[in-house]
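Okay, here's what each chain looks like letter by letter:
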Amino acid sequence: MAAMNSSVKILNLPMHGDFRGSLIAVESGHEVEFKVQRVYYIYGVKAGSSRGFHAHRELKQLLVAVSGSVNIRCEDSSATQEFQLDSPEKALLIDGLVWREMYNFSEDCVLLALASDFYSEDDYVRNYGDFKKMLKELQPKASNFAA
Ligand code: TYD
C-alpha cells in the first residue's frame, strides 16, 4: 500500500488507560491541528448500507470508530486508498479535495467525526463528475497521498 502524505492519514491517538479502563482525548492544536467547530456521529447504519459519496471543498475532518468498525475509501487526484477504522485509538484525518465512501459498517459501529467548520451544504461536492472536473482544474497538483 502506498504511503500517505499529511492530507489523508491514519493517526494513532494516545490512550490513557488504567485499571478502570481507557480514555482518549483529542484537542485542537495537539492531536488534531484544526480548530474543532462541530462534532457529529453516525451510528445504527443498516447492514449493507454505504454513506458518504461526496468530497468537501474546504472542510477538514478527523474520523474515529469509537465502537465497532468501518471501511473508508478515499480518492484524490492520483490515488484511491482503503482504510479500516477498527479501534478507538485509530483516527483518519481527511484534509483536501477527497472523495470518500464509507462502507462495511459493523452493527455496533459508532463513527465519530470532528470537523473544522459548521455544517454547510455549500461545502459539499456530491456529484462524482463534478469532483473529477474539480480535480482536473486543480492539476497539476500533488496527490493528497504520499508517493
Ligand atoms: P450526509 O452528509 O449526507 O451524510 P453521509 O455523508 O454520512 O452520508 O448527511 C445526512 C443528513 O444529515 C443530510 O440531510 C445533512 C444532515 N447533516 C446535518 O444537518 N449536519 C451535519 O453536521 C451533517 C454531517 C449532516
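Residue positions are given per chain, counting from 1 as you read along its sequence in written order. Residues qualify for local features only when their pLDDT is at least 70, as the model is predicted, and side-chain atom pairs are given and counted only at 80 or more; totals for whole chains, interfaces and linings, by contrast, use all residues. Based on all heavy atoms of the structure, the side-chain values leave hydrogens and waters out of the count.

**With respect to the environment of arginine 100**
Then, in step 1: With respect to the helices and strands, arginine 100 occurs in strand β10 (residues 99-103).
Then, in step 2: Throughout this description, buried means an accessible area under 20% of the type-specific maximum (1.4 Å probe, protein chains only), exposed means over 50%, and partly exposed covers the range between. Here arginine 100 falls in the buried class, since its relative accessible area comes to 3%.
Then, in step 3: If we skip the residues at most four places from it in the chain, arginine 100 touches Arg51, Gly52, Phe53, His54, Ala55, His56, Gln61, Ile72, Arg73, Cys74 and Ile94.
Then, in step 4: Under the rule applied, a polar contact is a pair of N or O atoms within 3.5 Å (in protein, one hydrogen donor and one hydrogen acceptor; residues adjacent in sequence only if both atoms are side-chain atoms). One polar contact links arginine 100 to glutamine 61, side chain to side chain, over a distance of 3.0 Å.
Then, in step 5: Side-chain polar atoms of arginine 100 contact the backbone oxygen of valine 98, separated by 3.1 Å. A helix here means a DSSP run of H or I that spans at least four residues, while a strand means a run of E at least two residues long, and both kinds are numbered starting from the N terminus. By definition in these notes, contact holds between two residues if any of their heavy atoms fall within 4.5 Å.

**Thoughts on the packing of aromatic side chains**
Then, in step 1: For Phe, Tyr and Trp, where Trp contributes only its six-membered ring, two rings pair if their centres lie within 6.5 Å, and the inter-plane angle classes them as stacked under 30 degrees, edge-to-face over 60, or tilted in between. If you walk through the whole model with that rule in mind, you get five aromatic pairs.
Then, in step 2: Note on tyrosine 41 and tyrosine 43: the rings are 6.0 Å apart at their centroids and 40° apart in plane angle, and the pair reads as tilted.
Then, in step 3: Judged by relative accessible area, which is 52%, tyrosine 41 ranks as exposed.
Then, in step 4: The exposure class of tyrosine 43 is exposed, given its relative accessible area of 55%.
Then, in step 5: Centre to centre, the rings of tryptophan 99 and tyrosine 128 are 5.0 Å apart; their planes meet at 75°, and the pair counts as edge-to-face. Residue tryptophan 99 is located in strand β10, and its partner tyrosine 128 is located in helix α1 (residues 128-138); the two are separated by 29 residues in the primary sequence.

**Remarks on the site of the ligand**
Then, in step 1: Residues are counted as near a molecule or strand when any one of their heavy atoms sits within 4 Å of it. Neighbouring residues of the ligand: Arg38, Tyr40, Ile42, Arg51, Gly52, His54, Met102, Tyr119, Tyr124 and Arg126.
Then, in step 2: Measuring from an oxygen atom of the ligand, one finds a side-chain N or O atom of arginine 51 at 2.9 Å.
Then, in step 3: In the model, an oxygen atom of the ligand is placed 2.7 Å from a nitrogen or oxygen of the tyrosine 124 side chain.
Then, in step 4: Looking at the shell around the ligand, the elements that each hand over two or more residues are β4 (38-43) and β5 (51-56).
Then, in step 5: Throughout this entry, Asp, Glu, Lys and Arg are counted as charged residues, while Ala, Val, Leu, Ile, Met, Phe, Trp, Tyr, Cys and Pro are counted as nonpolar. The remaining residues, Gly among them, count as polar. Residues belonging to the shell around the ligand are distributed by class as follows: five nonpolar, two polar and three charged.

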